[in-house]
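Next come the chains, spelled out residue by residue.
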Amino acid sequence: MPAYITVNFTPTDKEKLQQYAASVTATVAKYSGEFLVKGILEKLSGDTDYEMQVILAFPSREQAIGWYHSPDYQALIPLRDAGMLSQFQLIGT
């Protein structure tokens, strides 16, 4: 069953965020993941402090978790955290 990772984020350093974005795609592809959508978050109901959202799709929960905890992705987290405030969620069984 597919699994999805949603990322709510607000850019804090556009240069570092661009570096992160340029590197993260290859790590997602290693786990058969793909970017479904990325864009400005439009609040329809409720509150959020984040400006943007990304939705990633993976063939399984195991592949989604494998990607997030992989050494390749973990190495990018300092760059990610320097470029944005973020919140990651995993959806799927």
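We now turn to the structure provided with this report. Just so it is clear, the structure is predicted and the values come from calculations on it, not from any experiment. Throughout this document, residue positions are counted from 1 along each chain, in the order its sequence is written. Totals for whole chains, interfaces and linings use all residues, but because this is a predicted model, local features are given only for residues with pLDDT of at least 70 and pairs of side-chain atoms are given and counted only at 80 or more. Excluded from the side-chain calculation are hydrogens and water; included are all heavy atoms of the structure.

What to know about the pairing of strand 3 (residues 52-58)
1) Next: A 1.4 Å probe rolled over the protein chains alone gives each residue an accessible area, and that area as a share of the maximum for its type sets the label: buried under 20%, exposed over 50%, partly exposed in between. Helix and strand assignments come from DSSP, with helices taken as H or I runs of at least 4 residues and strands as E runs of at least 2, each series counted from the N terminus. Counting buried residues in strand 3 gives five out of seven residues, a clear majority hidden from the surface.
2) Next: Pairing geometry for strand 1 (residues 3-11) and strand 3, over seven bridges, is antiparallel. Residue pairing for strand 3: Phe9 is matched across the bridge by Met52.
3) Next: Pairing between two strands requires that DSSP report at least two bridges joining them. Summarising the sheet, strand 2 (residues 34-40) and strand 3 pair through six bridges and their orientation is antiparallel. Across the sheet, the residue bridging to Glu34 is Ala57, located in strand 3.

Side note on the side chain of Asn8
1) Next: Position of Asn8 relative to the elements: it lies in strand 1.
2) Next: A relative accessible area of 10% places Asn8 in the buried class.
3) Next: Here a polar contact is taken to be a pair of N or O atoms separated by no more than 3.5 Å, where protein atoms must pair a possible hydrogen donor with a possible acceptor and residues adjacent in sequence count only if both atoms sit in side chains. Only 2.7 Å separates the side chain of Asn8 from the side chain of Gln53, close enough to count as a polar contact.

Side note on the packing of aromatic side chains
1) Next: Each pair of aromatic rings taken from Phe, Tyr and Trp, with Trp reduced to its six-membered ring, is defined by centres within 6.5 Å and is described as stacked if the planes are under 30 degrees apart, edge-to-face if over 60, and tilted in the remaining cases. Applying the stated rule across the entire model yields seven aromatic pairs.
2) Next: For the ring pair Tyr20 and Tyr73, a centre distance of 6.3 Å and an interplane angle of 65° mean the geometry is edge-to-face. Of this pair, Tyr20 sits in helix 1 (residues 14-29) while Tyr73 is found in helix 3 (residues 71-74), placing the two residues 53 residues apart along the sequence. Each member of the pair, Tyr20 together with Tyr73, is buried.

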